[in-house]
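Okay, here's what each chain looks like letter by letter:
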Amino acid sequence: MDKLKGRHTPLRRSLWVVGVYLLAGWLWITFSDYLAGQWFPDPEALSRVQTYKGALFVLVTALVLFLVLMRQFNRDRSMLSLHHHQREEIRALNQFRESVIERANVWINVLDPEGRVVLWNAAAEEISGYRRDEVIGSDRIWQWLYPDGDNRARIRERASDIIRDKGEAVGYETRITSRDGCERLISWNARSLRDDDGEIVGSIAIGHDITDIRNAEITIRQRERQLSTLMDNLPGMAYRCLYDEHWTMLFVSSGCRDLTGYEPDELVNNQRISYAELIADGSNDAILRAVESAIGNAEPFSVEYTIVRNDGRSIWVWERGRAVEDNGDLVLEGIILDISDRKALEDELSELAIRDPLTGLFNRREMTRLLDEEIARAERYGRALSLLWIDFDHFKTINDDYGHAAGDSVLKVTSALLAGSVRSVDVIGRFGGEEFVILLPEMDRFEARDTAERLRSLISNTPQPLGDGRTVPLTISVGISVFPDNGTDSRALCAAADRAMYQAKSSGRNRVVLAPLAQEAHNP
């Protein structure tokens, strides 16, 4: 109806102008002729007046027509200018829509006051799966995006509040259902729209598809929980530290508490103590060399050393790590384990390998090794070395009369008595059965004989306990060999001392016999 009315406006205006012109012409002619006849009764004069009156009418109407046309032309020119400006604005708006709205990688849509879609950009089509021609001018999109009625009602209420200018939405998250049935998480920023007169004409919303971001965050949180669980259950301490003189910790796991006795934050950035201060004296240089070598070869490093815990207790640790680059800096990452139990077991096994299980003295193999070392040292420095070969007299009688447990008791007590009666530099060991060997570094044959006599007298004058409260007398026979007089290797020295011991037994037992010198052995 408004369009029809607009089409008839120019016609009515034209008829109105023509009517005004006819009325003015009729009034002019009627009244001017009447006045001319009254004022000029002379026919000749009246004729001239009529001529002039007609020319004046033409002149006046031409002037009026000129003014009217000038006014209309100026208005038309203004309208043309305004139309051109509007076309430029529309073109600029279309360019903005094409370059910004349509090409934006975010969802942009505009709603009218009734919640109907009036703008739906390409990103909205891509994310939702619904085409522009399906949603423009309709509110069905609400049902499509939010199939759950309660959820849809809540979100529409929020959208209505925004349209009524009752607040804005910033980071408001909703979960939509796209055309293919997949759920997407959208973060909305929305506000109301006003026209030039300040009237609310709808709302504009910009949506960011954060589905992948949220899924990535969930994955990261899950991995962080898994990593935290792994770190908390590690048998040692995981770490990340600077490659500096303090081994400045950037991160340590909660295992730090059990390993060092310190809280993790006390070690991080050397808040209370640096890790280098925990390392026992003398170990830091070896660690540094191992790390430097590994860095130079681009390989992991492994090192064992001792640290001093917060409670003052020293423990053995094993560290495994490697160097990595972090923003141009070199840092170390790895794990440190408490291996004190393993070290204790190794020491125990090592002791078992070199010790006699009954007496705790060195066994035959270790004594032979130590004898070789002492011979090499004596030869290097030109010093004497004596060897005592000891055998218990009539020891088989003790086992036969009192049992092997009693014999073991005598062996343990007697070996302890011997070990406690020699110098700290002397070495005593059990070669097997009731045979014992004592190394006497830097002691010549005469000093060795005096020592042997002292030990023989000590044993013979000390009743040996059987382990049940009873004691038995015991004597020993001792053979002595000396380096280099009786041999230059362990085999020769042991053989010479053994022969001397058997000579002591043959001579009546409970005595000391020196192995003869080379020239003495050849005398008749």
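Here goes a summary of the coordinates provided. No experiment lies behind these values; they were computed from the predicted model shown.

Okay, a nonpolar patch on the surface next. Together, L56, L59, V60, V64 and V68 make up a nonpolar patch on the protein surface, roughly 430 Å² of accessible area in all. Within the secondary structure layout, L59 lies in helix α2 (residues 43-101). The exposure class assigned to L59 is exposed, which follows from its relative accessible area of 58%.

Inspection of the entire model under this criterion finds eight aromatic pairs. Considering the side-chain rings of W107 and W120, the 5.2 Å spacing of their centres and the 75° angle between planes classify their relative orientation as edge-to-face. Of the two residues, W107 is situated in strand β1 (residues 107-111) and W120 in strand β2 (residues 117-120); the sequence distance between them amounts to 13 residues. Looking at W120, the relative accessible area reads 2%, which means it is buried. Taking the centre distance of 6.2 Å and the plane angle of 40° together, the rings of Y243 and W247 count as tilted. Clustering of aromatic rings is evident, with ring pairs tying together W107, W120 and W188. Over the face of the ring belonging to W316 we find K343, whose NZ or CZ atom lies 4.4 Å from the ring centre.

The next subject is the nonpolar core. Ranked by size, the top nonpolar core spans 28 residues in total, and within it L388, I390, F392, I438, V478 and I480 carry the most contacts. Looking at this core, the elements with two or more residues in it are β11 (385-392), α14 (395-402), α15 (404-419), β13 (435-441), α16 (445-460) and β16 (476-483). With sequence-adjacent residues up to four places away left out, V478 is seen in contact with L388, W389, I390, A452, M501, A504, R511, V512 and V513.

This part covers the pairing of β11. Of all the eight residues making up β11, eight are buried; the element is thus mostly covered by neighbouring parts of the structure. When β11 meets β16, the two strands line up antiparallel, connected through eight bridges. Opposite I390, over in β16, you have V478 as the bridge partner.

Right, let's get into the sheet that holds strand β10 (residues 329-338). With antiparallel pairing, five strands are arranged side by side in an open sheet as β7-β6-β10-β9-β8. At either margin of the open sheet sits one strand with a lone partner, and together these are β7 (249-252) and β8 (301-308). Along the sheet, successive strands turn relative to each other by an average axial angle of 30°, direction set aside. Strand direction decides the pairing type here: strand β9 (residues 314-326) and β10, joined by ten bridges, are antiparallel. Paired with V324 across the two strands is V331, which belongs to β10. In the packing of helix α11 (residues 283-297) onto the sheet, contacts are made with β8, β9 and β10, and the angle to β8 comes to roughly 160°. Across the sheet, helix α12 (residues 340-354) touches β8, β9 and β10, and the angle it forms with β9 is around 125°.

Criteria and thresholds
- Residues numbered from 1 in each chain as written.
- Predicted model: local features only at pLDDT ≥ 70, side-chain atom pairs only at ≥ 80, totals over all residues.
- Heavy atoms only, no water.
- Patch = residues over 30% accessible without salt bridge, like charges linked within 9 Å, V, L, I, M, F, W, Y side chains within 5 Å.
- Areas by Shrake-Rupley, 256 points an atom, 1.4 Å probe, with all protein chains shown as cover.
- Salt bridge = Lys/Arg side-chain N within 4 Å of Asp/Glu carboxyl O.
- Helix = DSSP H or I, 4+ residues; strand = E, 2+ residues; numbered from the N terminus.
- Buried < 20%, exposed > 50% of the residue type's maximum accessible area, 1.4 Å probe, protein only.
- Phe/Tyr/Trp six-rings, centres within 6.5 Å; stacked < 30°, edge-to-face > 60°.
- Lys NZ or Arg CZ within 6 Å of the ring centre and 35° of its normal.
- Core = buried A, V, L, I, M, F, W, Y, C linked by side-chain atoms within 4.5 Å.
- Contact = heavy atoms within 4.5 Å.
- Pairing = 2+ DSSP bridges.
- Axes fitted to C-alpha atoms, helices over the stretch in contact; angles between N-to-C directions.

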